[in-house]
Amino acid sequence: MKDQGHRYPNVSDKLSWDEAKTESVGVPAIWNSLKHLGRYVDMPQALKASLKMNQEGGFDCPGCAWPDPDDHRSKLGEYCENGIKALAEEATKRKVDSAFFKKYSVEELTSWSEFKLGKSGRITHPMYLAEGESHYQEISWPDAFKKIGNHLRGLDDPNEAIFYTSGRTCNEAAFLYGAFVRAYGTNNLPDCSNMCHECSGYALSQTLGIGKGAVTLDDIHQAEVVMVIGQNPGTNHPRMLTALENCKLNGGSIIAINPLKEAGLINYSNPQKPLRILSGGVDLTDIYLQVQVNGDIALLKAIMLLLVEKEEMSGDVIDHDFIKEHTHGYNDFINDLKKEDFNICVSESGVDEAEIRKAADLIARKDKIIICWAMGVTQHENGVQNVREIVNLLLMRGAVGKAGAGPCPVRGHSNVQGDRTMGIWEKMPESFLAKLDNAFDIHSPRKEGYATVPAIKAMYNGKAKVFFGMGGNFVSATPDTDYTAEALRKCDLTVHVSTKLNRSHLVHGKEALILPTLGRSEMDVQSSGYQFVSTESSMGIVQNSKGVLAPKSDHLLSEVAIVGGMAHATLADRNDVQVDWQSFVDDYDLIRAKIEEVIPGFNRYNERVRDDKGFYLPNGVKVRDFKTSTGKANFSINPRPVLELEKGAFRLTTLRAHDQYNTTLYGLDDRYRGIKNGREIILMNKSDMQEHGLKGGDCVDVNSNHDGVVRTVSNFKVVPYDIPSRCLGAYFPEANPLVPIDLINPETHTPVSKNIVVKLKRVVTT
Ligand SMILES: Nc1nc2c(c(=O)[nH]1)N[C@H]1C(S)=C(S)[C@@H](COP(=O)(O)OP(=O)(O)OC[C@H]3O[C@@H](n4cnc5c(=O)[nH]c(N)nc54)[C@H](O)[C@@H]3O)O[C@H]1N2
Ligand SMILES: Nc1nc2c(c(=O)[nH]1)N[C@H]1C(S)=C(S)[C@@H](COP(=O)(O)OP(=O)(O)OC[C@H]3O[C@@H](n4cnc5c(=O)[nH]c(N)nc54)[C@H](O)[C@@H]3O)O[C@H]1N2
Ligand SMILES: [Mo]
């Protein structure tokens, strides 16, 4: 396969590794984030912003979607190393201005690593790349909008345009964007959620009637058991460790299910509590089940079979009253479960039977059970089945819709959940579309749009010609990097609304635009005055967010203003659309008033959102009101995946390092895993290494072979690691060229980023 020059220049020359850590946060984390801030941000700015992050009158952290406590916003400076790094990325003093683009051609920038691109700084001006040109050049906002409008109006069919969203976009911008895209005439609104928690939304809607979690922070504090499956909170949701610590201090127990022993799940030194740091922190996980990659269904079935066995002995393990009153499909479920062979489930899970028995004992004895999960569960061919099996376990124990219990999918991007609530989805239901049409007097199409993977294929096959990205780094975040790059290059126009330079600006259509936007931490002033926006956390709390820093450049527009400008340029001469887009840009209260008209749960939005504590959106599951097809919570039957591997093959899972935010690399280390200065690496079990004649630091080519296409990444370095045999770990996005475009969860089109069958070939270096 030809290399298209967009791959990641290798940055692992100085790779070193050590034993993985067994504790997280504490003093090294504080030190690390201060170092980071000092290097990239002017100190007064850094101080001002960090004192306002997640605070009343301040802005929502642009990092993850973990919520603030209920009765107040986060404690002043509630500490999160990675939140500080996310802020530093936005508040960086470095700038990518017009002179930068004059100096460096697209071709030259292509040879830079993703790390170097990102560290160049904030983009200051709208930039345009004309067909056949080597350099981006400055363009005015009106001209940029005109170019987009001309392209969109020139398409034969509005379905030839794709409008992607990454989950940082605030409620107001997302809602207006969705209204514009549908007024224009398409539902092609793929988003990062299509690669993230789509399986959670799908499975939870089917089984419980709402595609979101149903626990609060307080529930976690009072839970008796919290299971954390396929999630690495120490790195990706550090503030969750405080909630887990509270749960432990209240007498709760934690069960972790993960192929890797993640430091953040083992021990936590809360930086807000110096005495506890001195005493060595709090041991978090009581039972660590080191499951093999995609062994989760086997493991959950083994646990549920043990619950059935205990029920037969004591009669008080399965919550029959709850099941009778509130659920559907129990008998079919239990008959199917009993057909499973316990011993096969144990061996397929890869976990010791004794450990599984310990976990089942705990789950059988405790009533308040919460299950948290993230990408280790969802990014599988059987991602929907994984989530449904989690729900089955909760339903057996009646652990849904009561205090201290329930499902908790932990979301990624800081407003990914809000974007979906606002209508960023390729298949919003009729109830939403009809109200949207009413509110704006438009005619939304009813034809389902493309999710992310189908959108890539449509571009590849010439069925889509304009790509617009509201945030994100499409070419690097999506699967099958070579294929996706080719798809983007076939477009007539690619547009990216961005804060920072990334690879997607360099893998472009015939023409390309970069539209620079305000970060969450920056002040947004429109003609009616200083605006705030709002976001929804992973737990369904809507809060206001108000930037406090001066924008990095006078030429940045808010995402709302970009939507407004593009909508006007595209639709102004259409007789059937009479929306005054500029009025919404002038005053975001007007957008919120429309949201209130269209979306349930937002009554008195403008009033309630001004309360800095925010408000909870309604969630039937919390009161056992299940809005499913049966009106009850549905048990489901989920076949155990067959996990055979041919000789020499491995199961590769892709991971985030501690120093990255998705495709944004904060640094090149992965501190908790003991890895330094390396991104192109393969984590491998020591006995597997021995069997294959490999030692630490050896270079390998990694191949995946799917549907007759061999995909390869070259010169990855092997690092010995405590990971189950026949399982490998590599970093996202460097390993994305290996993820086949057609390897998806079929119900949701979610790419299978956590279970790619690969082979290794040793590279002999001279
Ligand atoms: N600092 C920081 N914060 C982030 C992000 C970031 O990149 N950096 N990204 C944000 C986003 S968009 C998201 S979606 C979340 C992601 O948050 P996570 O889901 O925690 O992120 P991942 O690194 O993808 O890894 C998931 C975990 O799943 C485990 N795992 C892998 N395969 C399997 C499996 O088959 N079974 C089980 N049980 N476990 C498995 C891995 O060992 C890893 O610990 O974080 C969000 N927050
Ligand atoms: N192999 C593999 N692939 C994966 C995953 C995996 O675990 N493994 N995870 C998947 C998941 S969970 C997700 S969510 C996706 C993430 O996919 P994306 O959301 O598309 O990717 P990000 O890296 O988060 O996007 C970073 C870019 O967003 C821009 N940006 C940052 N802040 C803002 C802002 O405030 N406004 C705007 N407009 N732009 C901004 C910057 O220019 C930055 O370069 O990747 C998916 N891909
Ligand atoms: Mo995500």
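Residues numbered from 1 in each chain as written. Chains lettered and ligands numbered in written order. Predicted model: local features only at pLDDT ≥ 70, side-chain atom pairs only at ≥ 80, totals over all residues. Heavy atoms only, no water.

**Examining the site of ligand 2**
Quick note on the threshold: Residues are labelled near a given molecule or strand when at least one of their non-hydrogen atoms is within 4 Å of it. Polar contact is the term for a pair of N or O atoms within 3.5 Å; when the atoms are in protein, one must be able to donate a hydrogen and the other to accept it, and sequence-neighboring residues count only if both atoms are side-chain atoms. Residue exposure ignores everything except the shown protein chains as possible cover, and the areas themselves are Shrake-Rupley values with a 1.4 Å probe. All amino acids are sorted into three groups, where Ala, Val, Leu, Ile, Met, Phe, Trp, Tyr, Cys and Pro are nonpolar, Asp, Glu, Lys and Arg are charged, and the leftover types, Gly among them, are polar. What fixes the domain bounds is an automatic or database domain assignment.
Taken together, 30 residues sit near ligand 2, with Tyr 164, Ser 166, Ala 477, Glu 559 and Thr 663 positioned nearest. Ala 477 is positioned with one of its backbone polar atoms (N or O) 2.6 Å from a nitrogen atom of ligand 2. Asn 502 places a polar side-chain atom, nitrogen or oxygen, 2.8 Å from an oxygen atom of ligand 2. Considering ligand 2 on its own, with 930 Å² of exposed area, one finds that the protein chains cover 96% of that surface. Its residues assigned to classes, the shell around ligand 2 comprises 9 nonpolar, 16 polar and 5 charged. Composition of the shell around ligand 2 by domain shows at least three residues from each of domain 1 (126-133 + 140-191 + 415-616) and domain 3 (644-763).

**Observations concerning helix α19 (residues 353-365)**
To be explicit about the condition: The numbering of helices and of strands both runs from the N terminus, where a helix is a DSSP run of H or I of at least 4 residues and a strand a run of E of at least 2. Between the first and last residue of a helix there are one fewer steps than residues, each counted as 1.5 Å, and that sum is the expected span. We call a residue buried when its accessible area falls under 20% of the maximum for its residue type, exposed when it is over 50%, and partly exposed in between, using a 1.4 Å probe and counting protein chains only.
Taking 1.5 Å of rise per residue, 13 residues should cover 18 Å, and α19 covers 18 Å from first to last C-alpha, within 8% of that figure. When α19 is considered as a whole, its buried residues turn out to be Ile 356, Ala 359, Ala 360, Leu 362, Ile 363 and Ala 364.

**Side note on the confidence of the model for the protein chain**
Applicable threshold: Confidence scores labelled pLDDT are given residue by residue by the predictor and lie between 0 and 100. The contact definition used throughout considers only heavy atoms, calling two residues in contact when any of these lie within 4.5 Å.
Averaged over the protein chain, the pLDDT score is 94; the fraction of residues at 70 or greater is 97%. In the model, residues 1-6 has pLDDT below 50 throughout and makes 17 contacts with residues more than four positions away in sequence or in other chains.

**What to know about the domain arrangement of the protein chain**
As a reminder, the rule being used: Computed with a 1.4 Å rolling probe, the buried area is the accessible surface lost when two parts are put together, summed over both parts.
The domain architecture assigned to the protein chain consists of domain 1 (126-133 + 140-191 + 415-616), domain 2 (198-409) and domain 3 (644-763). Distance between the C-alpha centres of domain 2 and domain 3: 26 Å. At the junction of the two partners, domain 2 supplies 27 residues and domain 3 supplies 26 residues. Of the roughly 2,100 Å² buried where domain 2 meets domain 3, counting both sides, 57% is carbon and sulfur surface.

**Quick word on the site of ligand 1**
Around ligand 1, 32 residues are found, and the nearest of them are Asn 258, Glu 262, Asp 296, Gln 660 and Asn 662. Take Lys 754: an N or O atom from its side chain is 2.9 Å from an oxygen atom of ligand 1. When ligand 1 sits alone it has 920 Å² of accessible area, and the protein chains cover 99% of it. Mapped by element, the contributors of at least two residues to the shell around ligand 1 are α11 (233-236), α20 (375-378), β25 (649-655) and β26 (660-661). Looking at the shell around ligand 1 residue by residue, the classes come out as 12 nonpolar, 16 polar and 4 charged.

**Re the packing of aromatic side chains**
Applied cut-off: The pairing test for Phe, Tyr and Trp rings, Trp by its six-membered ring, is centres within 6.5 Å, and the orientation test on the planes gives stacked under 30 degrees, edge-to-face over 60, and tilted for anything in between.
This model, assessed by the stated rule, comprises 26 aromatic pairs. On the basis of an interplanar angle of 85° and a centroid distance of 5.5 Å, the ring pair of Phe 100 and Phe 101 is categorised as edge-to-face. On the basis of relative accessibility, which here comes to 11%, the residue Phe 100 falls in the buried class. Taking the relative accessible area as the measure of exposure, Phe 101 reaches 1% and is therefore buried.

**Examining the sheet that holds strand β9 (residues 253-257)**
Where we set the bar: Strands were regarded as paired on the criterion that DSSP finds at least two bridges between them. Each axis is a line fitted through C-alpha atoms, and for a helix only the stretch in contact is used; angles between axes span 0 to 180 degrees, taken between their N-to-C directions.
Strand order in the open sheet made by the 5 strands is β12-β9-β8-β14-β15, with parallel pairing throughout. The open sheet has two free edges, formed respectively by β12 (287-289) and β15 (406-409), since each of these has just one partner strand. Neighbour to neighbour, the strand axes of the sheet diverge by 15° on average, direction disregarded. Across 3 bridges, the pairing between β9 and β12 is parallel. The residue of β12 that forms the bridge with Ala 256 is Tyr 288. Helix α12 (residues 240-249) contacts β8 (225-229), β9 and β14 (369-373) of the sheet and is inclined by roughly 150° relative to β8. Sheet contacts for helix α15 (residues 296-314): β8, β9 and β12; angle to β8, the most-contacted strand, approximately 155°.

**Section: the sheet that holds strand β16 (residues 466-470)**
Strand order in this open sheet of 6 strands is β6-β5-β18-β17-β16-β7, and the pairing throughout is mixed. One side of each edge strand has no neighbouring strand; the edge strands of this open sheet are β6 (137-138) and β7 (161-165). In terms of strand pairing, strand β5 (residues 127-129) meets β6 through 2 bridges, oriented antiparallel. Directly across from Tyr 128, in β6, lies its bridge partner Gln 137. Packed onto the sheet, helix α27 (residues 559-571) meets β16, β17 (493-498) and β18 (511-516) and runs at close to 155° relative to β16.

**Digging into the pairing of β14**
Summarising burial for β14: 5 of the 5 residues are buried, a large majority. In β14, alternate side chains face the same way, and those of Ile 369, Ile 371 and Trp 373 on one face and Ile 370 and Cys 372 on the other are all buried. As judged from the 5 bridges shared by β8 and β14, these two strands associate in the parallel manner. Bridge pairing links Val 225 to Ile 369 in β14. Looking at chain direction, β14 and β15 are connected through 4 bridges and run parallel. Considered in β15, the bridge of Trp 373 is made with Pro 409.

**Re the nonpolar core**
Worth spelling out the cut-off: The term nonpolar core refers to a set of buried residues drawn from Ala, Val, Leu, Ile, Met, Phe, Trp, Tyr and Cys, joined through side-chain atoms within 4.5 Å.
The biggest cluster of nonpolar side chains holds 65 residues, and the ones touching the most others in it are Phe 163, Tyr 177, Phe 180, Phe 468 and Leu 515. In terms of residue count, helix α8 (residues 171-184) provides more of this core than any other element does, 10 residues in total. When residues no more than four places from it in sequence are discounted, the contact partners of Phe 163 are Leu 152, Tyr 177, Phe 180, Val 181, Tyr 184, Thr 186, Asn 188, Leu 189, Pro 190 and Phe 468. In terms of nonpolar packing, the next biggest core, distinct from the first, is built from 59 residues, Ile 255, Leu 300, Ile 303 and Val 391 among them.

**A short note on the pattern of salt bridges**
For side chains of opposite charge, pairing can occur when their charged atoms come near one another. Rules: What counts as a salt bridge is simple: a side-chain nitrogen of Lys or Arg found within 4 Å of a carboxyl oxygen of Asp or Glu.
The final tally for this structure, using the stated rule, is 40 salt bridges. Close ionic contact of Glu 160 with Lys 465 constitutes a salt bridge, the shortest N to O distance being 3.8 Å. Linking Glu 160 in the loop between α7 (141-154) and β7 with Lys 465 in the loop between α24 (452-460) and β16, this pair joins segments that are 305 residues apart in sequence. Residue Glu 160 is classed as buried on the basis of its relative accessible area, which comes to 12%. Glu 340 serves as the salt-bridge partner of Arg 640, at 3.0 Å between the closest nitrogen and oxygen. One end of the pair, Arg 640, is in the loop between β24 (633-634) and β25; the other, Glu 340, is in the loop between α17 (330-338) and α18 (342-349), and 300 residues separate them in sequence. Judged by its relative accessible area of 23%, Arg 640 falls in the partly exposed class. Accessibility expressed as a relative area gives 17% for Glu 340, which makes it buried. By sharing partners, the salt bridges in this structure join Glu 81, Lys 85, Asp 659 and Arg 671 into a single network.

**A word on the side chain of Asn 606**
Within the secondary structure, Asn 606 sits in helix α30 (residues 605-608). Residue Asn 606 is classed as buried on the basis of its relative accessible area of 16%. For Asn 606, the side chain forms a polar contact with the main-chain oxygen of Asp 589, separated by 2.9 Å. Residues contacting Asn 606, with those up to four places away along its chain left out, are Asp 589, Arg 592 and Ala 593.

**So, the side chain of Asn 638**
Here Asn 638 is to be found in the loop between β24 and β25. Within polar-contact distance, the side chain of Asn 638 engages the side chain of Ser 636 at 3.1 Å. Every residue in contact with Asn 638, bar those within four places of it in the chain, is listed here: Ile 297, Lys 301, Gln 385, Arg 388, Glu 389 and Asn 392.

**Focus on the packing of α8 against helix α23 (residues 430-440)**
Put simply, the rule reads: Roughly parallel means an angle under 35 degrees; roughly antiparallel, over 145; roughly perpendicular, 65 to 115; everything else is oblique.
Remark: α8 packs on α23, axes separated minimally by 11 Å, with the N-to-C direction vectors making an angle of 90°. The orientation of α8 with respect to α23, classified from their angle, is roughly perpendicular. Along the contact surface, α8 presents Phe 175, Ala 179 and Arg 182, while α23 presents Phe 432, Leu 433, Leu 436 and Phe 440. A breakdown of the residues in the contact of α8 with α23 according to their chemical character gives 6 nonpolar, no polar and 1 charged.

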